Amino acid sequence: MEGIEHRMLNVNGINMHVAEKGQKDHPVVLFLHGFPELWYAWGRQISALAALGYRAVAPDLRGYGDTGSPAAAESYTCLHVVGDIIALLDSLEAHDKVFLVGHDWGAQVGWYLCLFRPDRVRAFVALTVPFSPRRPKMKPVERMRAIFGEEYYMCRFQKPGEIEAEIAKYGTGEVLKKILTDRKPGPPRLPKENPFGIPPNASPPLPSWISEDDLKYYADKFEHKGFTGGLNYYRALDLFMSLNVLCRRNWELTAPWTGARVNVPVKFIVGDQDMVYTTPGVKEYVHSIDGFKKDVPLLEEPVVMEGAGHFLNQERAEEVNTLIHDFIKKF
């Protein structure tokens, strides 16, 4: 992508690949990608925001692309990934508060950053994943298993090596294509047989918003790196026993923030066909004054994009760019 610079930075004990564009003294907009994506998912946003006078920065998060990938799931807790971001901002000499934009797991990391270090965030644009307050009585995966069953995708992601083997069976490119372009409303389930719904014959053509070159970029990176790093974010949600050692996970580590609110300005954007938004209970939480707005007091009215799916930063890039800029220019 033209004009985007790439470099490696040592942050929080790992080497992190960072893509950026824009003048060094301009306000920083930090873009955090989701699963299964890379910095590349933000290409259109990086160019657009840089052209509008911002310094646009998009890393490959821990476990992805050209960034370091510790093997153990316990190295992917919320404290690790937020630690990475703080160290990244320090390495960039971004000492002022930054504008934060996150999609999918990147949005979840963004919520953690806003909770733990609101002093580093000027405003936050969250795509597809709303804030999820900590439930002290039940761990997240345990709760999802009880509500949606064992085939719910986050439950299927828990056993190390299992879903990786299934991805290998059906092919990295085909699985990525299915995940990125699927429009089936939630809750997402992965059955034991053909979990990703790969068609037996030729797969359908790509939609206009993603090219064969785009898909090849993702497939090449995931073929080289594998999916374990990205899946470890899901495996770090609960608490488990590993070799008789109690491993600390997000649910336990976030106990001090039980009941805490996010006190930074927030814009939430989601597609009406998004698998998260259409999961039972999410839509009700997002639009309830006793839900999302209560937990995030500085939340602006959520934007629900008609006809958009989960990967809306790529699918509806120009509209998303406008929404991001219209929000952050207020600050």
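Our subject is the structure that appears above.
Residues numbered from 1 in each chain as written. Predicted model: local features only at pLDDT ≥ 70, side-chain atom pairs only at ≥ 80, totals over all residues. Heavy atoms only, no water.

Here's the deal with the overall build of the chain
Stage number 1. Helix and strand counts for the chain stand at 14 helices and 10 strands.
Stage number 2. Taking 20 Å as the expected radius of gyration for a compact globule of 331 residues, we find that the chain reaches 19 Å, a close match to that expectation.
Stage number 3. Along the three orthogonal principal directions, the C-alpha set of the chain runs to about 50 × 45 × 40 Å.
Stage number 4. Counting only residues that meet the buried cut, the chain has 54% of its 331 residues in that class.
Stage number 5. Within the chain, contacts between residues separated by at least 24 positions form 75% of all contacts whose residues are at least 6 apart in sequence.
Stage number 6. About 14,300 Å² of surface is accessible on the chain, with carbon and sulfur atoms providing 52% of the total.
Stage number 7. Charged side chains in the chain number 39 positive and 42 negative. The centres of these two groups are separated by 5 Å. (Helix = DSSP H or I, 4+ residues; strand = E, 2+ residues; numbered from the N terminus. Rg over C-alpha atoms; globule rule 2.2 N^0.38 Å. Buried < 20%, exposed > 50% of the residue type's maximum accessible area, 1.4 Å probe, protein only. Contact = heavy atoms within 4.5 Å. Areas by Shrake-Rupley, 256 points an atom, 1.4 Å probe, with all protein chains shown as cover. Lys, Arg positive; Asp, Glu negative; His and termini not counted. Charge placed at Lys NZ, Arg CZ, Asp CG, Glu CD.)

Considerations on the nonpolar core
Stage number 1. Membership of the largest hydrophobic core comes to 110 residues, with the highest contact counts inside it found for Phe31, Trp111, Phe124, Val262, Phe292 and Ile328.
Stage number 2. Per-element tally for this core: the top contributor is helix α3 (residues 105–116), with 9 residues.
Stage number 3. Those residues in contact with phenylalanine 31, other than ones at most four positions away along the chain, are Trp42, Gln45, Ile46, Leu49, Ala56, Val57, Ala58, Pro59, Val101 and Ile324. (Core = buried A, V, L, I, M, F, W, Y, C linked by side-chain atoms within 4.5 Å.)

Considerations on the layout of surface pockets
Taking a probe equal in size to a water molecule and rolling it over the atoms shows the remaining empty space.
Stage number 1. Taken as a whole, the largest pocket holds about 1,200 Å³ of empty space.
Stage number 2. At the level of secondary structure, the elements contributing two or more residues to the lining of the largest pocket comprise α3, α4 (140–148), α5 (153–156), α10 (250–253), α11 (282–286) and α12 (292–295).
Stage number 3. With 6 residues, the single largest contributor to the lining of the largest pocket is α3.
Stage number 4. Class assignment for the residues of the lining of the largest pocket results in 27 nonpolar, 8 polar and 8 charged.
Stage number 5. Its boundaries defined by the atoms lining it, the second largest pocket holds a volume of some 530 Å³.
Stage number 6. Residue classes in the lining of the second largest pocket are distributed as 15 nonpolar, 5 polar and 7 charged. (1 Å grid on protein atoms, 1.4 Å probe; cavity = no way out; pocket = protein on both sides within 12 Å on 5 of 7 lines; lining within 4 Å. Points joined across faces, edges and corners; volume = space filled by probe spheres on them. Nonpolar A, V, L, I, M, F, W, Y, C, P; charged D, E, K, R; others polar.)

Some details on empty space enclosed by the protein
Stage number 1. All told, the structure shown has 1 cavity of 30 Å³ or more when counted by the stated rule.
Stage number 2. The class makeup of the residues in the lining of the largest cavity is 3 nonpolar, 3 polar and 3 charged.

A word on unusual backbone geometry
Stage number 1. In this structure, the amide linkage connecting phenylalanine 35 to the following residue, proline 36, adopts the cis form with an omega of -10°.
Stage number 2. Tracing the backbone shows proline 36 in the loop between β3 (28–32) and α1 (43–51).
Stage number 3. Here the residue pair glycine 186 and proline 187 is connected by a cis peptide bond, since its omega of 0° sits within 30 degrees of zero.
Stage number 4. With respect to the helices, strands and loops of the structure, proline 187 is situated in the loop between α7 (172–181) and α8 (212–225).
Stage number 5. With a phi angle near 45°, asparagine 194 is a residue other than glycine that sits in the positive phi range.
Stage number 6. Tracing the sequence through the fold places asparagine 194 in the loop between α7 and α8.

Remarks on α7
Stage number 1. Taken as a whole, α7 has its buried residues at Thr172, Val175, Leu176, Lys177 and Leu180.
Stage number 2. In this fold, the buried residues of α7 make contact with α6 (162–170) and α8.

Things to note about the sheet that holds strand β10 (residues 303–305)
Stage number 1. What the 8 strands build is an open sheet, ordered β1-β2-β4-β3-β5-β6-β9-β10; its pairing is mixed. This sheet does not close on itself; its edge strands, each paired only once, are β1 (5–11) and β10. Put simply, the sheet's adjacent strands are angled 20° from each other on average, direction ignored.
Stage number 2. Along the sheet, helix α2 (residues 78–91) contacts β1, β2 (14–21), β3, β4 (55–59) and β5 (98–103); its crossing angle with β1, the most-contacted strand, is approximately 120°.
Stage number 3. Relative to strand β6 (residues 121–127), α3 is tilted by about 150°, and along the sheet it contacts β3, β5, β6 and β9 (266–271). (Pairing = 2+ DSSP bridges. Axes fitted to C-alpha atoms, helices over the stretch in contact; angles between N-to-C directions.)

A few points about helix α14 (residues 317–328)
Stage number 1. Helix length check: α14 (12 residues) gives 16 Å between terminal C-alpha atoms against 16 Å at 1.5 Å per residue, within 8%.
Stage number 2. Within α14, the full set of buried residues consists of Ala317, Val320, Asn321, Ile324, His325, Phe327 and Ile328. Burial along α14 is one-sided: seen end-on, the buried residues are contained in an arc of 165°. (Expected span 1.5 Å × (residues − 1). Arc of directions from axis to C-beta.)

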